Amino acid sequence: MTRSTGTRVLAPELRRVVEAVTDPEIPTLTIGDMGIVRGLSVDEEGGEVVVTITPTYSGCPAVEVMSRDIVDAAADVGYVASVVVSHHPPWTSDWLTDRGREALRELHIAAPEPGAGRSGPVPVTIGRAPHTESVSCPRCGSADTELISRFGTTACKALHRCRACGDPFDEFKAV
Amino acid sequence: MSPPCVPAVLALADDALIYAQRLGEWISRAPQIEEDMALANVGLDLLGRARSLYTWLGAVDGSGRSEDDFAYWRDEREFRHLWLVERPGGDFADEMVRLLLMASLDVERYAALASTASVAGIDELAGIAGKAVNESTYHRDHARLWVLRLGDGTEESRTRMNAALERVAPYVDELFTDSWADRAAVAAGIGVLPSSLRSSVLGYVGSVLAEATLDPLPEPAWHARGGREGLHSEVCGFMLAEMQHLARSHPGATW
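### Observations regarding the sheet that holds strand β2 (residues 48–53) of chain A
In a beta sheet, neighbouring strands pair by backbone hydrogen bonds and run either parallel or antiparallel.
Residue and element names in this part refer to chain A.
Reasoning step 1: Strands sit in the order β1-β2-β3 across an open sheet of 3 strands; the sheet is mixed. Sheet topology places β1 (37–43) and β3 (80–85) at the edges, where each strand pairs with a single neighbour. Taking the axes of each pair of neighbouring strands and ignoring which way they run, one obtains an average angle of 15° across the sheet.
Reasoning step 2: As defined by bridge partners, β2 adjoins β3 across 6 bridges and the pair is classed as parallel. Paired with V49 across the two strands is A81, which belongs to β3.
Reasoning step 3: Against the sheet, helix α3 (residues 62–76) touches β2 and β3, its axis set at about 155° to β3.

Shown next, in the form of structure tokens:
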């Protein structure tokens, strides 16, 4: 059990502090902007808070790190936090905020557009890496890109390459 | 009293865990490094799914078991997974056939679980299942793209794909065989009978094979049976021994 150490703040400030915790793999992206904070149940009197989060992907190993970071962040502002992982309703990339998309682009990670995960069948070519819907290069902005691998460096990303500037880049997958 | 759908959900969780273990064995052995990552990612999704389901099961079945209790402290006869998922990976072609079959099945059976659990007000189970549908759709697309490229690729890749279909065929029927657990769950309004998914799942798989100019799934000389009753093939014990060794040698060990 982590003891609270800081001077206790009011609930709105606590929410701000919790939502400012960042993804360990994507340090410019806060969990608030990722859309994974699903609820805060605050007891200001007793200095306790229950934070409900939902994983982006079922096996996302960052969930455990973020849970610990939430407990630490809450302790700094006078709260003993417990974190509940809930799967209902399931996360979708539509929950990324505009600021979250911007944070991804800052790291040269292509961000999914709202509704991108449910756009129907994807055209397929044979014999070479299949070209799916165009993802713009987060470095040079060109739409002339190709998919290298549908699975990238973490569970939430796919790997692309820009034909214009030649750089490979990650895409935050749309689901 | 635990909900009537518990044994059927346990079977789903075991399918996910055991297949995740087999997929993890591909890491550093796949044909290319992107595929190492892809199969690891698919396995990670399945492992996460199994963990969520075990946690839910331990909370509702009255046993208070943790996810680790389910994974590490049950013996072979207590696992309820299909024979298909315990097969060693073998040729990459075999793995793509298996992934196409399992992901196609998962998309449909988890969609049914999500909608029925939602109607029954079991929100956590509905949420886990809903996420599984999204993820398995992505896995299915990945398998489909490989089957198309290998089937309609070189003479070598095509020959190996057709050989893989021969080897995998005996395990297909069990995917669509109803167990007592399935019937108990469906009687309580949760999930779907696997037999009712046979035509749509095999229809989808068949359309991919046809598009890939491959032979249809052949009629096998024998059928795998018994996974849902805890009767497994000889490879299962060896795999569990490896998977459970650390936890059993050092009980309570944590990272």
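### Comments concerning the nonpolar core
Reasoning step 1: Ranked by size, the top nonpolar core spans 120 residues in total, and within it A74 of chain A together with A13, L53, M96 and A129 of chain B carry the most contacts.
Reasoning step 2: The element that contributes the greatest number of residues to this core is helix α5 (residues 92–119) of chain B, accounting for 15 residues.
Reasoning step 3: The residues that make up this core include at least three from each of domain 1 (11–85) and domain 2 (97–172) of chain A.
Reasoning step 4: If we skip the residues at most four places from it in the chain, A13 of chain B touches A50, L53, Y54 and L57 of chain B.

### Observations concerning the sheet that holds strand β6 (residues 157–162) of chain A
Residue and element names in this part refer to chain A.
Reasoning step 1: Taken together, the 4 strands give an open sheet; going across it, the order is β4-β7-β6-β5, and neighbouring strands pair in mixed fashion. A single partner strand is all that each edge strand has here, and the edge strands are β4 (109–110) and β5 (145–149).
Reasoning step 2: Inspection of the sheet shows β6 paired to strand β7 (residues 168–172) by 5 bridges, in the antiparallel sense. The residue bridging L159 from the neighbouring strand is D170, located in β7.

### Some remarks on the pairing of β7 of chain A
Residues and elements named next belong to chain A.
Reasoning step 1: For β7, the buried fraction is high: 4 of the 5 residues fall into the buried class.
Reasoning step 2: Sheet topology places β4 next to β7; 2 bridges connect them, and they run parallel. Bridging from a neighbouring strand, I109 pairs with D170 of β7.
Reasoning step 3: Between β6 and the antiparallel strand that follows it, β7, lie 5 residues; G166 among them carries a positive phi value of about 80°.

### Regarding unusual backbone geometry
Reasoning step 1: At the junction of H88 of chain A and P89 of chain A, the peptide bond is cis and its omega measures out at -10° in the coordinates.
Reasoning step 2: Tracing the backbone through its elements, the reader meets P89 of chain A in the loop between β3 and α4 (98–106).
Reasoning step 3: If you check the backbone angles, S28 of chain B has positive phi at about 80° while not being a glycine.
Reasoning step 4: Its location among the elements puts S28 of chain B in the loop between α1 (6–24) and α2 (33–60).

### Points about the packing of helix α6 (residues 123–151) of chain B against helix α7 (residues 155–168) of chain B
Residues and elements named next belong to chain B.
Reasoning step 1: Viewed as axis vectors pointing N to C, α6 and α7 meet at an angle of 120°, and their least axial separation amounts to 7 Å. The angle between the axes of α6 and α7 places the two elements in the oblique class. Along its contact with α6, which presents V147, L150 and G151, the element α7 presents S157, R158 and M161.

### A short note on the domain arrangement of chain A
All names here are of chain A.
Reasoning step 1: Annotation of chain A at the domain level lists domain 1 (11–85) and domain 2 (97–172).
Reasoning step 2: The interface is formed by 11 residues belonging to domain 1 together with 10 residues belonging to domain 2.
Reasoning step 3: Its residues assigned to classes, the side of domain 1 that touches domain 2 shows 5 nonpolar, 4 polar and 2 charged.

Calculation notes
- Counting restarts for each chain: residues are numbered from 1 in the order of the written sequence.
- Chains carry letters from A onward and ligands carry numbers from 1 onward, assigned in written order.
- Totals for whole chains, interfaces and linings use every residue, but because this is a predicted model, local features are given only for residues with pLDDT of at least 70 and side-chain atom pairs only at 80 or more, for both listing and counting.
- Being paired, for any two strands, means DSSP has found at least two bridges between them.
- Runs of E in the DSSP output that reach at least two residues are strands. Runs of H or I that reach at least four are helices, and both are numbered from the N terminus.
- Angles run from 0 to 180 degrees between N-to-C directions of axes, and those axes are lines fitted to C-alpha atoms, restricted for helices to the stretch in contact.
- Here the contact rule is simple: place C-beta atoms from the backbone, and any two residues whose C-beta atoms are within 7 Å are in contact.
- Here, a nonpolar core means buried Ala, Val, Leu, Ile, Met, Phe, Trp, Tyr and Cys residues linked by C-beta atoms lying within 7 Å of one another.
- Exposed residues have 12 or fewer other C-beta atoms within 10 Å of their own C-beta, buried residues have 20 or more, and partly exposed residues fall in between, where C-beta atoms are placed from the backbone.
- For every domain, the bounds stem from an assignment made automatically or drawn from a database.
- Note on angle classes: values under 35 degrees are labelled roughly parallel, values over 145 roughly antiparallel, values of 65 to 115 roughly perpendicular, and the remainder oblique.
- Under the scheme applied here, ten amino acids are nonpolar (Ala, Val, Leu, Ile, Met, Phe, Trp, Tyr, Cys and Pro), four are charged (Asp, Glu, Lys and Arg), and all others, including Gly, are polar.

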